[in-house]
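# Structural overview
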Amino acid sequence: KTLANEGIVVLVVPIEEQTGKIIGEVDVISRGFAYISNSDAMVMEAKEMVKSCLKGVKGPIRDWQFLRKKIEDRVERHLVEQTGRRPLVVPVIIEV
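### Description of the overall build of the protein chain
Helix and strand content of the protein chain: four helices and three strands. Starting at the N terminus and ending at the C terminus, the protein chain contains elements arranged as α-β-β-α-α-α-β. Taking 12 Å as the expected radius of gyration for a compact globule of 96 residues, we find that the protein chain reaches 13 Å, a close match to that expectation. By its C-alpha atoms, the protein chain is 40 × 25 × 20 Å across when sized along the principal axes. Evaluated residue by residue, the protein chain yields a buried proportion of 41% over its 96 residues. Contacts in the protein chain between residues far apart in sequence, at least 24 positions, make up 63% of those at least 6 positions apart. Here the protein chain has roughly 5,700 Å² of accessible surface; of this, 51% comes from carbon and sulfur atoms.

Dropping the structure here:
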C-alpha cells in the first residue's frame, strides 16, 4: 500500500569493505515519488545525509543492519518534513 500511495526511494551506497568509506557516488533512484525526481536539491540533500551517517565510521563496518536503518530513518524523516509524503526508503549497500 505504501508503494502505491507514497512511492519508493532506493539509495545505492558503494562502500569500501576495509575502510567503511563511501567510494564513488551515492545513487538515488525513485519511483512513484515525483518530488525527488524533479528536485536536484532534494537528491543532493539525500546524498549528503547518507554521507553524514558514515562520517564517524573507522575501519570495517560490522553492523550493516544498524547502518541501513540509520540511513533509512534519517532520509525518510527528511523527505516527510520536505514533502509531507512518506515513501518507502530502501538503502542498498554494496561492498567494494
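Structure shown, so let's carry the discussion forward.
### Examining the side chain of T83
Looking at where T83 falls in the secondary structure, it is placed in helix α4 (residues 64-83). Among the polar contacts listed, one links the side chain of T83 to the backbone oxygen of L79, at a separation of 2.6 Å. A distance of 3.1 Å separates a polar atom in the side chain of T83 from the backbone nitrogen of R85.

### Brief notes about the confidence of the model for the protein chain
Here the protein chain shows a mean pLDDT of 87. Residues at 70 or above account for 93%. The lowest-confidence element of the protein chain is helix α2 (residues 34-37), averaging 65 in pLDDT; the highest-confidence one is strand β1 (residues 8-15), averaging 94.

### Examining the side chain of H78
Relative to the helices and strands, H78 resides in helix α4. Judged by relative accessible area, which is 12%, H78 ranks as buried. Setting aside its immediate chain neighbours within four residues, H78 contacts E45 and M49.

The rules behind the values
- Residues numbered from 1 in each chain as written.
- Predicted model: local features only at pLDDT ≥ 70, side-chain atom pairs only at ≥ 80, totals over all residues.
- Heavy atoms only, no water.
- Helix = DSSP H or I, 4+ residues; strand = E, 2+ residues; numbered from the N terminus.
- Rg over C-alpha atoms; globule rule 2.2 N^0.38 Å.
- Buried < 20%, exposed > 50% of the residue type's maximum accessible area, 1.4 Å probe, protein only.
- Contact = heavy atoms within 4.5 Å.
- Areas by Shrake-Rupley, 256 points an atom, 1.4 Å probe, with all protein chains shown as cover.
- Polar contact = N/O pair within 3.5 Å; in protein donor to acceptor, adjacent residues only side chain to side chain.
- pLDDT = per-residue confidence, 0-100.

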